[in-house]
Amino acid sequence: MSDPVLIVGAGPTGLTAALELSRLGVPVRLIDKRAAPATSSRAIGVQARTLELLDQRGLADALVRLGNAGRFGSVYGGGKRVFHLDFSHVESRYPYILFVSQAETERVLRDACARHGVSPGWDTELIGIQQDAHAASPASAVLKRADGSLERVTAPWIIGAEGAHSLVRTTLDLPFEGHTREERYALGDLLIDGDLPDTDFHIFSSEHGFMGLFPMGGEHFRLIASNPLSEPSKDTEPSLDELQAIYDQRSHIPARFHDLTWSSWFSINSRMVPRLKIGRLFLGGDAAHIHSPAGAQGMNTGIQDMINLSWKLAMVIRDGAPPALLDTYELDRLPVMRNVLSRTDSLTTTIGTENPVVRTLFNHLGPWIVGTDVVQANATASMSQVALGYRDSPLSENHGHSGSLRAGDRMPDMPVRLRSDGGWVETHLHRTFDPSHLTLVVAGPERASCPSELRASTPNGRLVEIAPSGSPDEQAFTAVFGRSGSAVLVRPDGYAGVVSPVASAAAHIRAYHQRWFVTAKPAGA
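Residues numbered from 1 in each chain as written. Predicted model: local features only at pLDDT ≥ 70, side-chain atom pairs only at ≥ 80, totals over all residues. Heavy atoms only, no water.

### Concerning the sheet that holds strand β17 (residues 277–278)
Sheet strands pair by backbone hydrogen bonding; their relative direction is either parallel or antiparallel. Defined as follows: The rule for pairing is simple: two strands pair if DSSP sees at least two bridges between them. Think of it this way: any DSSP run of H or I at least four residues long counts as a helix, any run of E at least two long counts as a strand, and we number them from the N terminus. In what follows, residue pairs with any heavy atoms lying within 4.5 Å of each other are defined as contacts. Think of each axis as a best-fit line through the C-alpha atoms, taken over the contacting stretch in the case of a helix, with angles from 0 to 180 degrees between the N-to-C directions.
Strand order in this open sheet of five strands is β2-β1-β11-β18-β17, and the pairing throughout is mixed. Edge positions in the open sheet fall to β2 (28–31) and β17, since each of these has one partner strand only. The strands touched by helix α1 (residues 12–23) within the sheet are β1 (5–8), β2 and β11 (158–160), with β2 carrying the most contacts at an inclination of about 165°.

Here is the structure:
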């Protein structure tokens, strides 16, 4: 057996990498310098797209039971609600933000890893890495154990998921480009008596700065506020009285705080790396990008970093796919990271502005702009990350069809009829995908049959035939796949790789497979 892939950091990003690679048959070693899992939680929002991906791995239901569904967002200014975001616009079986402690998210991922034989090696710190210029040589690392002893290991690949102070990133001397915001922030987990429904997250914009309240279920809320009233220091924490005073200063809704369980000061950085892969070293999660908590994007982005990387790495290690496939991790994810940084930074600036002119415009124009269905749909799709895609990826190939779906798009999760044992059964499209392999989806009318040549074009993959679920859904199905249908080669992460008319799909899919998943043999071999 080859040396395991070394994953540094057992937070959500590293746990996702460990889960994905181990379930795909790749040996891994997961380490963390901490002595035990974290019990406090900075990230609390799990977005619809992340839940879709976790559902395919059998984990979403457990997490949903632990969390609270935030189906709306109330944004206030000038003593009134300026607008109301409605997440029912999100075209997903998860039309909400799930508010749940990061500690619980990590526990669900850790339990899933354990079922695949992987447990974090706590009290194990990465203190050095080295890789040769020769591409075929494995990387090496020096680890420090709890007793102070050192261990030198070799690994075919190293994934740096150890957070904002990543040793992998600093050893590579990669710039962490961006800025640190001037504002300081207070954070607290507490119980609230008042008229703040836990179906909504609540954002307050005022001349004093930003304040957000995020419902963890029942009376339990997470509070985040800029410009705290006292001077933050490493020797203090925000008190219940200060958090109450901040709330009273910025909210017109009566509420009383009690039972503060955890609080902290923090600053916001908006930074990212220009590279995600150098030689046999990868970066993901906070080691590669950190940004404002606005919109609950960070943890979700890190989890999806690793889902993107892991199937590609597994195909290279397990199936002998060309190493060039791994370069698409960086090409796919860097644009996503830039977009997340830009959006979260802009949102933080807009909501937290103390400029009276900007706040007046925001308070008066907000209801008109955000009240439209188009803006509601776009804003919630962006926040929930279902609008994320890879149309510009080299892995995305369009060959013309009459539907709206394009290569690189997330496959929609619509009701469909699936051909099964000569008949048809009702299901959801996402349930037909194989998160371990490529899936060829042949979409069209029930009476159509899949050409035998197309059936033979999917080595090591899954082929499914789908048709509209019924007359109410037929229009949506036709809009996506075209009136005459189409063939779509779906990546293991649920994005369209190849989109083609059915008649010409076999040749396109064979060429795609040859290009990305088959290593060319040396001449004369």
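That shown, we press on.
### Quick notes on unusual backbone geometry
Its identity as a non-glycine residue notwithstanding, D123 has a phi of 55°, on the positive side. Mapped onto the fold, D123 is located in the loop between α4 (102–115) and β8 (125–130). Despite not being glycine, D259 shows a phi value in the positive range, around 55°. Within the secondary structure, D259 is located in strand β16 (residues 255–272).

### Comments concerning the packing of aromatic side chains
Note the following rule: Aromatic rings from Phe, Tyr and Trp, taking only the six-membered ring of Trp, are treated as a pair when their centres fall within 6.5 Å; an angle between ring planes under 30 degrees marks them as stacked, one over 60 as edge-to-face, and anything in between as tilted. Note on exposure labels: buried denotes an accessible area under 20% of the residue type's maximum, exposed denotes more than 50%, and partly exposed covers the range between, all computed with a 1.4 Å probe on protein chains only. For a lysine, the NZ atom is tested; for an arginine, the CZ atom; a charge sits over a ring if that atom is within 6 Å of the ring centre and within 35 degrees of the ring normal.
Taken as a whole and assessed by the stated rule, the structure comprises 14 aromatic pairs. On the basis of an interplanar angle of 70° and a centroid distance of 6.4 Å, the ring pair of F99 and F201 is categorised as edge-to-face. Residue F99 is found in strand β7 (residues 97–99), and its partner F201 is found in strand β13 (residues 200–206); the two are separated by 102 residues along the sequence. Neither F99 nor F201 differs from the other in exposure class; each is buried. The interplanar angle of 55° and the centroid separation of 5.2 Å between the aromatic rings of Y247 and F257 together place this pair among those described as tilted. Of this pair, Y247 sits in helix α6 (residues 240–250) while F257 sits in strand β16, and the two are 10 residues apart along the sequence. When sorted by exposure, Y247 lands in the same class as F257, which is buried. Taken together, the ring pairs connect Y76, F204, Y247 and F257 into an aromatic cluster. Residue placement shows R169 over the ring face of F176; its charged tip is 3.8 Å from the ring centre. A cation over an aromatic ring shows up here: R280 above the ring of W157, its NZ or CZ 4.4 Å from the ring centre.

### Here's the deal with the sheet that holds strand β12 (residues 177–194)
Judged by pairing direction, the sheet is mixed, and its eight strands sit side by side in the order β6-β5-β13-β14-β15-β12-β16-β19 without closing on themselves. Pairing within the sheet leaves two strands with one partner each, and these edge strands are β6 (80–86) and β19 (289–290). Lying over the sheet, α6 contacts β12, β13, β14 (209–217), β15 (220–226) and β16, oriented at roughly 80° with respect to β16.

### Some remarks on the packing of α1 against helix α7 (residues 298–319)
Condition: Under this scheme an angle from 65 to 115 degrees is roughly perpendicular, one under 35 degrees roughly parallel, and one over 145 degrees roughly antiparallel; angles in between are oblique. Each crossing gets its hand from how the near helix is turned against the far one by less than a right angle, where anticlockwise is left-handed and clockwise is right-handed. Gly falls in the polar group here, along with every residue not listed as nonpolar (Ala, Val, Leu, Ile, Met, Phe, Trp, Tyr, Cys, Pro) or charged (Asp, Glu, Lys, Arg).
Put simply, α1 and α7 touch, their axes get as near as 8 Å, and they point 25° apart. What the angle tells us is that α1 and α7 run roughly parallel. Considering only the axes of α1 and α7, their crossing is right-handed. Between α1, through P12, T13, T16, A17, E20 and L21, and α7, the contact on the second element is made entirely by M299, G302, I303, M306, I307, S310, L313 and A314. Here the residues of the contact of α1 with α7 sort into nine nonpolar, four polar and one charged.

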